[in-house]
Amino acid sequence: MENERVLNSMLGFTRVFRLLVKHRKPIVGHNCFMDLMLMYDKFYRPLPVKYSQFKEDISRLFPFVFDTKSMSASMRKSYKETGLFENTTLSRLYAAFQRRFDLYQPAIIHGQEGSKYREAEALHEAGYDAFMTGSVFLRIAHLKAVVHLSFAEAQPLPFSHLFSIISPDMGRLNLIRASVNDINLLGSDSKSLRPEWLLVRSRKRSQPLKPMQLAGLFSAFGSVDIRPRSRQEALLAVGNWGCVRDILSSLSKHPHITVRKYNMWKHSPVVRSLLWTSACVSGGLCVWIVWSASSRKSS
């Protein structure tokens, strides 16, 4: 008995991980791609070299994975007028649903051990974040289930029905700062809908770009990533096309920098070097052919 107790204490969260795998419980997270990677690496085996292997293993270990970040992002356009999904951070989503009433919405009641959460928020505390994630998950599922029902048709819905409604969202994980919006654990990933890079250049060679100043300038337009390429150039990654339009419009006459859409053929030093090399080789080959032809005629 003592040996078993010691072994269990040493296993720690591994016991929880094994139970989740054994009983095939649904996994619900918010922006949980990194969490799944951490669980895989620490409680299953080292992360594989191949992305496809990771997807195959995770979908086998956890066949029912839901990401409320991905679910809410996919609904933003349909509910644009209401502003419900305007901000998809977990705390903002939870607060937005708290202000909203839907007929026969799920009743979410704290257990005895979570009674402190009835009185006050505890953002970023694991238990409270898990509570908010579960709440948002149920409210999204209920919203999808009743959106096309009339008042007369609305009724309390069992979880089995909600689960069938949200099955298309299963296995889709949100990705931040990536070329694609999400990954699909159960199939092929969607094509990227995110804009290409923007190229930022200093108008004067005597005025090099300063990353901290650029970060301050572009932060007003939303979440951006900046990668300096030289003293006079930087690449800018943005999350959506609206942000691109705002940046290009607002900074078109900026006194110190220019911003334009990045074009690999025009702006990549590697591609330009290859094109110039190809042009030189082709030109030299043409000269050699002409010279050879002239030499044969002369002889």
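The present account deals with the structure reproduced in this document. (Residues numbered from 1 in each chain as written. Predicted model: local features only at pLDDT ≥ 70, side-chain atom pairs only at ≥ 80, totals over all residues. Heavy atoms only, no water.)

### Concerning the sheet that holds strand β8 (residues 257–261)
Pairing in this open sheet of 4 strands is antiparallel, and the strands run β6-β7-β5-β8 from one edge to the other. The strands lining the two open edges of the sheet, one partner per strand, are β6 (224–228) and β8. Across the sheet, the mean angle from the axis of one strand to that of its neighbour is 25°, orientation sign disregarded. Looking at chain direction, β6 and strand β7 (residues 233–238) are connected through 5 bridges and run antiparallel. Its bridge partner lying in β7, Arg227 is registered against Leu235. Where helix α9 (residues 211–218) meets the sheet, its contacts fall on β5 (198–202), β6, β7 and β8, and the angle it forms with β6 comes to roughly 155°. On the sheet, helix α10 (residues 241–250) packs against β5, β6, β7 and β8 and is oriented at approximately 145° with respect to β8. (Pairing = 2+ DSSP bridges. Helix = DSSP H or I, 4+ residues; strand = E, 2+ residues; numbered from the N terminus. Axes fitted to C-alpha atoms, helices over the stretch in contact; angles between N-to-C directions. Contact = heavy atoms within 4.5 Å.)

### Section: a nonpolar patch on the surface
A surface patch of nonpolar side chains, amounting to about 500 Å² of accessible area, comprises Phe101, Leu103, Tyr104 and Phe151. When you line up the elements, Phe151 lands in the loop between α7 (126–146) and α8 (159–165). (Patch = residues over 30% accessible without salt bridge, like charges linked within 9 Å, V, L, I, M, F, W, Y side chains within 5 Å. Areas by Shrake-Rupley, 256 points an atom, 1.4 Å probe, with all protein chains shown as cover. Salt bridge = Lys/Arg side-chain N within 4 Å of Asp/Glu carboxyl O.)

### Some details on the packing of aromatic side chains
How two aromatic rings sit relative to each other is given by the distance of their centres and the angle of their planes. The full count for this structure, using the stated rule, is 17 aromatic pairs. Between Phe33 and Phe54 the ring centres are 5.9 Å apart and the planes differ by 85°, which places this aromatic pair in the edge-to-face class. Of the two residues, Phe33 is situated in helix α3 (residues 33–43) and Phe54 in helix α4 (residues 51–61); the sequence distance between them amounts to 21 residues. Taking relative accessible area as the criterion, Phe54 reaches 5% and is therefore assigned buried. A centroid spacing of 5.0 Å and a plane angle of 65° characterise the contact between Tyr117 and Tyr128, whose relative ring orientation is edge-to-face. Residue Tyr117 is found in the loop between α6 (90–98) and α7, and its partner Tyr128 is found in helix α7; the two are separated by 11 residues along the sequence. Residue classification places Tyr128 among the buried positions, given a relative accessible area of 3%. Aromatic rings pair up to connect Phe64, Phe66, Phe137, Phe159 and Phe163 into one cluster. (Phe/Tyr/Trp six-rings, centres within 6.5 Å; stacked < 30°, edge-to-face > 60°. Buried < 20%, exposed > 50% of the residue type's maximum accessible area, 1.4 Å probe, protein only.)

### Thoughts on the pairing of β5
For β5, the buried fraction is high: 4 of the 5 residues fall into the buried class. Taken together, the 4 bridges between β5 and β7 define a ladder with antiparallel strand orientation. Residue pairing for β7: Val200 is matched across the bridge by Ala234. Bridge count between β5 and β8: 5 bridges; the pairing is antiparallel. Paired with Leu198 across the two strands is Lys261, which belongs to β8.

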